[in-house]
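# Residue-level structural notes
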Protein chains: 2
Amino acid sequence: MEPKQPDGSRGRNTGARRRSRLSQAVIVAAAQHIISTGGDGSLSMRQLARELSITPMALYHHVRDKDELLMLLLETKAQNVSRPPLPADPRERLVTSSQLLYDMLADCPFLGEILSSEDLMTASNLWIIEAVLDAAVDCGFAPDEAVGIYRVIWHYTSGELMIRLTRERRLAELDQPPYRERVFADIEPRTYPRLHALADRWTDLTARQTHRKGLEALVAGFLRGAGTAPWPPGHADGHIAG
Amino acid sequence: MEPKQPDGSRGRNTGARRRSRLSQAVIVAAAQHIISTGGDGSLSMRQLARELSITPMALYHHVRDKDELLMLLLETKAQNVSRPPLPADPRERLVTSSQLLYDMLADCPFLGEILSSEDLMTASNLWIIEAVLDAAVDCGFAPDEAVGIYRVIWHYTSGELMIRLTRERRLAELDQPPYRERVFADIEPRTYPRLHALADRWTDLTARQTHRKGLEALVAGFLRGAGTAPWPPGHADGHIAG
DNA sequence: ACCTGAACACCGTTCAAGT
DNA sequence: ACCTGAACACCGTTCAAGT
């Protein structure tokens, strides 16, 4: 009985050829490698094929189209996200669970083209959306209202992420170094040592805080009954209605 | 003294040749024609050149790049938007002026690539952004806070528009007819005559209402002091700071 | 100054053929 | 079943040349 290779193939004639069989797992791994090393999160099928030394069309035998590949990347990311305990207070839970969605997607610079979907649902992140809806219901909102609130939160979150992603890509293609270098261009590193160490996370951190302020305002406003008019019909269309 | 043509040329040898000199105005008009007739708002430089029977590169003599062309289209749109009276009450004014921004951009299906900019400022729409900031200041917020609130409103608005635009483009490229046909596919037109007449505006109307609910919640939440922590530094960077 | 022609450096995807 | 080669139908933009 021969030992199997990690990819499940026999490995007899593979030797140094490294001719690992193509699979979704291999494709996803290569995509992640490009994203992590290439700088900005933009990704093309042809670039990915080059990385794998195959024809672009070989990819389409394991993946329906580019959107499916991106969703696959999101799914693997979602699988590796730990599931923290949520606050008991419904109101805090609504804010915190919404921010969880934000945090997860903020770490997915490849989303680009699909970030403007009506929802971004994959098997392993459904629990977050469920948590948002559940918190809204526990706040006293009817199911339809909860869906409406989720939609508003999603539009807000998606817009923030999209704008940030676009800015970073624009900067990347101008060959500008990331924020760190620009923000602290004329500042001595030793002047603010802690700041300097955190600089490459700075924009993300402030963006996160600003986003949270918006979330808190939204939740506070909805709880206060702002917009007492009923939700317009049709807002709850789609997969999560009911 | 010969009479001048509208485009400023002499018009002597133009005759039936219709060889109108290329200019920003001509380019913008052609772009608007494509958008209004072509269905979805997507627009390419090559397509535009084809419409004008010129080389794609001729465009670049009157316009720096595609982004500038899109901003030009937004500017002409903004020029033709009437400036309604705003409510005296600061809180209502904050909601209404934000919705004005939404309404204007919702009627610009060509924005696509630049909708994820940090701001979408052109000479003729600055008064709207000014009105939002002014209303926020009149609500009692410090200038920095007003900018932060504008940012949140912009992220929310931009996200909503982007998602809607993407959905409509996806439907358009599937050759699906606009919402009207689909929503009312199995319903007798005479059953709901008024609804049927408004059907092609329905999705926009409900989207508008939903967006307004979000705006009202945001404003109510901010006025209630939600997110009492100070705005993180850096949120007021950019053109409108100060 | 204004425009053309040809090219560069890309895209996502289809289709027929190979093994 | 899995992959290749060539092609289709596009992009935005640069560059050198024409008038």
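As shown above, the structure is provided for reference.
Residues numbered from 1 in each chain as written. Chains lettered and ligands numbered in written order. Predicted model: local features only at pLDDT ≥ 70, side-chain atom pairs only at ≥ 80, totals over all residues. Heavy atoms only, no water.

## Considering the protein's contact with DNA strand C
Which entries qualify depends on this criterion: Throughout, near means a residue has at least one heavy atom within 4 Å of the molecule or strand. Numbered from the N terminus, helices here are DSSP runs of H or I no shorter than four residues, and strands are runs of E no shorter than two. Polar here means any residue other than Ala, Val, Leu, Ile, Met, Phe, Trp, Tyr, Cys and Pro, which are nonpolar, and Asp, Glu, Lys and Arg, which are charged; Gly is therefore polar.
In the vicinity of DNA strand C lie 18 residues, with S44, R46, M57 and Y60 of chain A together with H62 of chain B positioned nearest. Restricting attention to atoms of DNA strand C within 4 Å of the protein, one finds that 47% of them are sugar or phosphate atoms. Contributions of two or more residues to the surface near DNA strand C are made by α2 (45-52) of chain A together with α3 (56-59) of chain B. Tallied by class, residues from the surface near DNA strand C come to eight nonpolar, four polar and six charged.

## Let's talk about the protein's contact with DNA strand D
What counts here: Polar contact criterion, stated in full: a pair of N or O atoms within 3.5 Å, where within protein one must be able to donate a hydrogen and the other to accept it, and residues adjacent in sequence count only if both atoms are side-chain atoms.
Neighbouring DNA strand D are 18 residues; H62 of chain A together with S44, R46, M57 and Y60 of chain B lie closest to it. Taking the atoms of DNA strand D that fall within 4 Å of the protein, sugar and phosphate contribute 47% of them. Note that a phosphate oxygen of DNA strand D is positioned 3.3 Å from one of the side-chain N or O atoms of H62 of chain A. In this structure, S44 of chain B approaches DNA strand D through a side-chain N or O atom, which is 2.9 Å from a phosphate oxygen. Residue assignment for the surface near DNA strand D shows that the elements contributing at least two residues are α3 (56-59) of chain A together with α2 (45-52) of chain B. Of the residues forming the surface near DNA strand D, the biggest block, three residues, is contributed by α2 of chain B.

## Here we look at the nonpolar core
Operational definition: Residues grouped as a nonpolar core are buried Ala, Val, Leu, Ile, Met, Phe, Trp, Tyr and Cys residues, joined through side-chain atoms within 4.5 Å. Think of it in three bands: with a 1.4 Å probe and only protein chains considered, a residue is buried below 20% of the maximum accessible area for its type, exposed above 50%, and partly exposed in between. Only heavy atoms matter for contacts: two residues are in contact if any of them lie within 4.5 Å across the pair.
Counting 120 residues, the largest nonpolar core has L111 of chain A together with L48 and L111 of chain B as its most contacted members. Not counting chain neighbours up to four residues away, the residues in contact with L111 of chain A comprise L70, L74, L105 and L120 of chain A.

## Here's the deal with the pattern of salt bridges
A pair can form between side chains of opposite charge whenever their charged atoms are brought close. Spelled out, the test is: Here, a salt bridge means any side-chain nitrogen of Lys or Arg that lies within 4 Å of a carboxyl oxygen of Asp or Glu.
Within this structure, the stated rule accounts for 24 salt bridges over all chains. The residue E118 of chain A makes a salt bridge to R167 of chain B at a minimum N-O spacing of 3.3 Å. With E118 of chain A in the loop between α5 (90-106) and α6 (126-138) and R167 of chain B in helix α7 (residues 143-173), the pair connects residues from two separate chains. The salt bridge involving D138 of chain B is made with R93 of chain B; its shortest N-O contact spans 2.4 Å. Note that D138 of chain B is positioned in helix α6 (residues 126-138) and R93 of chain B in helix α5 (residues 90-106), a separation of 45 residues in sequence. With a relative accessible area of 42%, D138 of chain B lands in the partly exposed category. Counted as one network, the salt bridges with shared partners bring together R64, D65 and E68 of chain A.

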